[in-house]
Amino acid sequence: MFSKDIQTQVDKLLSRYPIRQNALIPILHLAQNENEGWLSEVWMQYVADICEVPLTHVEGVVTFYTMFRLKPPGKYHLQVCTCVPCCLVGGTELLEHTEKKLDIHAGHTTDDGVFSIEEMECIGACSFAPAVIVNEDYHEKVTPEEMDKMIDELRQ
Ligand code: FES
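Residues numbered from 1 in each chain as written. Predicted model: local features only at pLDDT ≥ 70, side-chain atom pairs only at ≥ 80, totals over all residues. Heavy atoms only, no water.

### Let's talk about the sheet that holds strand 2 (residues 115-120)
The strands that make up a sheet pair up through hydrogen bonds in the backbone, lying either parallel or antiparallel. Taken in spatial order, the four strands of this open sheet run 2-1-3-4, and their pairing is mixed. Because the sheet does not close on itself, it has two edges, and the strands there are strand 2 and strand 4 (137-139). Looking at each pair of strands side by side, their axes are set apart by 20° on average, direction ignored. Bridge count between strand 3 (residues 132-134) and strand 4: three bridges; the pairing is antiparallel. Bridge assignment links Val132 to a residue of strand 4, and that residue is His139. (Pairing = 2+ DSSP bridges. Helix = DSSP H or I, 4+ residues; strand = E, 2+ residues; numbered from the N terminus. Axes fitted to C-alpha atoms, helices over the stretch in contact; angles between N-to-C directions.)

### Side note on the domain arrangement of the chain
Where interface size is quoted, it is often the accessible area lost as the parts come together. Once the domains are mapped, the chain shows domain 1 (4-64) and domain 2 (76-155). Look at where the C-alpha atoms of domain 1 and domain 2 centre, and you get two points 28 Å apart. (Domains from an automatic or database assignment.)

### Observations regarding the packing of helix 1 (residues 4-16) against helix 2 (residues 24-34)
The contact between helix 1 and helix 2 brings their axes to 10 Å, and the two run at 170°. Here helix 1 is positioned roughly antiparallel relative to helix 2, judged by the angle of their axes. Judged by residue contacts, Ile6, Gln9, Val10, Leu13 and Leu14 of helix 1 engage Pro26, Ile27, Leu30 and Glu34 from helix 2. A per-class count over the contact of helix 1 with helix 2 returns seven nonpolar, one polar and one charged. (Parallel < 35°, antiparallel > 145°, perpendicular 65-115°, else oblique. Contact = heavy atoms within 4.5 Å. Nonpolar A, V, L, I, M, F, W, Y, C, P; charged D, E, K, R; others polar.)

### Some details on helix 1
Spanning 13 residues, helix 1 covers 19 Å between terminal C-alpha atoms, matching the ideal 18 Å at 1.5 Å per step. Buried residues of helix 1: Ile6, Val10, Leu13 and Leu14, and no others. The buried residues of helix 1 all sit within an arc of 100° when viewed along its axis, so they share a single face. Residues Lys4, Asp5, Lys12, Ser15 and Arg16 are exposed on helix 1 and point more than 90 degrees away from its buried face. Elements that come into contact with the buried residues of helix 1 comprise helix 2 and helix 3 (41-51). (Expected span 1.5 Å × (residues − 1). Buried < 20%, exposed > 50% of the residue type's maximum accessible area, 1.4 Å probe, protein only. Arc of directions from axis to C-beta.)

### Some words on unusual backbone geometry
Look at the link from Ala129 to Pro130: it is a cis peptide, with omega at -5°. On the secondary structure map, Pro130 appears in the loop between strand 2 and strand 3. One non-glycine residue, Glu52, lies in the positive phi region at around 55°. Locating Glu52 in the fold gives a position in the loop between helix 3 and helix 4 (55-64). Relative accessible area serves as the criterion here: at 61%, Glu52 is assigned to the exposed category. In this structure, Lys141 takes a positive phi of about 50° despite not being glycine.

Take a look at the structure:
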């Protein structure tokens, strides 16, 4: 199921570890990227077979780490940090504002599939709180007005 390029990366990862299981997390990242940002049971089984671990082990890893998703995200996945440093400077209000603007709660996707929101623990940008990740891009010191502008621009 991996494309040829990604299979090359998988093979390289596997060659770095004496035990195939140790490459599980980076291979799951590749699988998630290949499957438009989420991991279906078919993909988890595929990775389980590659890493020679039971599917239940993969499911345990995927459900433990919040960076793995079990359902498709929106085209633009907004990850809003509400951990303490961000919360102290408006992270919670920013999340609520975003939910209101898109008329969905965190953990959900808009009906048109364009936006999804996820409430995050620290995303490693505490000095620039409140912080948001949109797909792979970090946005720092985000105000509700900036969030509105960003959403409006992305929608176009
Ligand atoms: S607490 Fe929000 S980035 Fe660290």
